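A look at the structure
As a plain string of letters, each chain reads:
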Amino acid sequence: MTLSPEIDAKIRASFEKQSLMATLGARLLCLDRGAAEIDAPIRAGSLQQQGFAHAGLTFSIGDSAAGYAALTVLSEEQEVLTTQMHIHLLAPGSGDKLVARGKVIKPGRKLIVVQSNVYSVSEGQERHVALLTGTMMPVAL
């Protein structure tokens, strides 16, 4: 289901305000009702000691993708805050970039259950590197 232009614009403006996403070089690729996709390059400044993408990069874009997916099911007068997020690191992140695909599992008035899958991309091939599950809390602006 397509988002209203107002909700789409609100979410894109919100993303642009996230200085961490700018620092990471992350981009908000697409939005749909209950879904959001973010990517970020794997840069020299976002590696861990063994040369793989740092779990902090993986978590950051996974959390944001899940949060923006949750925001797509709310009204213009609401925002979300992460209340809990759990990450399962499945494989080392390597290659050109990471892509996080967030989705709403169960919307609710008090809590929204979300999930995000993160993939590393190398030469066009995706590898599943993390699964995040958590809850978002709707808040009034």
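Figured I'd write up the structure that's included with this text.

The rules behind the values
- Residues numbered from 1 in each chain as written.
- Predicted model: local features only at pLDDT ≥ 70, side-chain atom pairs only at ≥ 80, totals over all residues.
- Heavy atoms only, no water.
- Salt bridge = Lys/Arg side-chain N within 4 Å of Asp/Glu carboxyl O.
- Helix = DSSP H or I, 4+ residues; strand = E, 2+ residues; numbered from the N terminus.
- Buried < 20%, exposed > 50% of the residue type's maximum accessible area, 1.4 Å probe, protein only.
- Contact = heavy atoms within 4.5 Å.
- Pairing = 2+ DSSP bridges.
- Axes fitted to C-alpha atoms, helices over the stretch in contact; angles between N-to-C directions.
- Expected span 1.5 Å × (residues − 1).
- Arc of directions from axis to C-beta.
- Polar contact = N/O pair within 3.5 Å; in protein donor to acceptor, adjacent residues only side chain to side chain.

**Overview of the pattern of salt bridges**
In this structure the tally under the stated criterion is 5 salt bridges. Here Arg-101 makes a salt bridge to Glu-37, at a shortest N to O gap of 3.4 Å. Taken together, the positions of Arg-101 in strand E4 (residues 97–106) and Glu-37 in strand E2 (residues 35–41) put the pair 64 residues apart, joining distant regions of the chain. When its relative accessible area of 30% is taken as the criterion, Arg-101 is described as partly exposed. Given the relative accessible area of 17%, Glu-37 is considered buried.

**Some remarks on the environment of Pro-138**
Relative to the assigned elements, Pro-138 resides in strand E6 (residues 125–140). Residue Pro-138 is classed as buried on the basis of its relative accessible area, which comes to 13%. Taking the C-alpha atoms as reference points, Pro-138 and Pro-5, separated by 133 residues in sequence, lie 20 Å from one another. Once residues within four sequence positions are removed from consideration, Pro-138 is found in contact with Leu-74, Gln-78, Glu-79, Val-80, Gly-108, Arg-109, Lys-110, Leu-111 and Ile-112.

**Some points on the sheet that holds E2**
Taken together, the 6 strands give an open sheet; going across it, the order is E1-E2-E4-E5-E6-E3, and neighbouring strands pair in antiparallel fashion. Either end of the sheet is taken by a strand with one partner, and the two such strands are strand E1 (27–32) and strand E3 (78–89). When the angles between neighbouring strand axes are averaged without regard to direction, this sheet yields 25°. Direction of pairing for strand E5 (residues 112–122) relative to E6: antiparallel, over a ladder of 11 bridges. Note that in E6 the partner of Asn-117 across the bridge is Leu-131. The strands touched by helix H1 (residues 5–16) within the sheet are E1, E2 and E3, with E1 carrying the most contacts at an inclination of about 155°. Of the strands in this sheet, E2, E3, E4, E5 and E6 touch helix H3 (residues 55–71), which is tilted by about 40° from E4.

**Section: H1**
For H1, built from 12 residues, the straight-helix expectation of 16 Å at 1.5 Å per residue is met to within 8% by its first-to-last C-alpha distance of 16 Å. Listed as buried for H1 are Ile-7, Lys-10, Ile-11, Ser-14 and Phe-15. Buried residues along H1 cover an arc of 135° about the axis, so they all sit on one side. Exposed side of H1, more than 90 degrees from the buried face: Pro-5 and Glu-16 are the residues found there. As for H1, its buried residues are in contact with helix H2 (19–24), E1, E2, H3 and E3.

**What about unusual backbone geometry?**
With phi around 50°, Glu-123 is a residue other than glycine that occupies positive phi space. Looking at the element boundaries, Glu-123 is found in the loop between E5 and E6.

**With respect to the pairing of E1**
Sheet topology places E1 next to E2; 5 bridges connect them, and they run antiparallel. What sits directly across from Arg-27, in E2, is Asp-39.

**Observations concerning the environment of Glu-126**
Secondary-structure assignment places Glu-126 in strand E6. Excluding anything up to four places from it in sequence, Glu-126 contacts Arg-101, Tyr-119, Ser-120 and Val-121. At a separation of 2.6 Å, a polar atom in the side chain of Glu-126 contacts the side chain of Arg-101.

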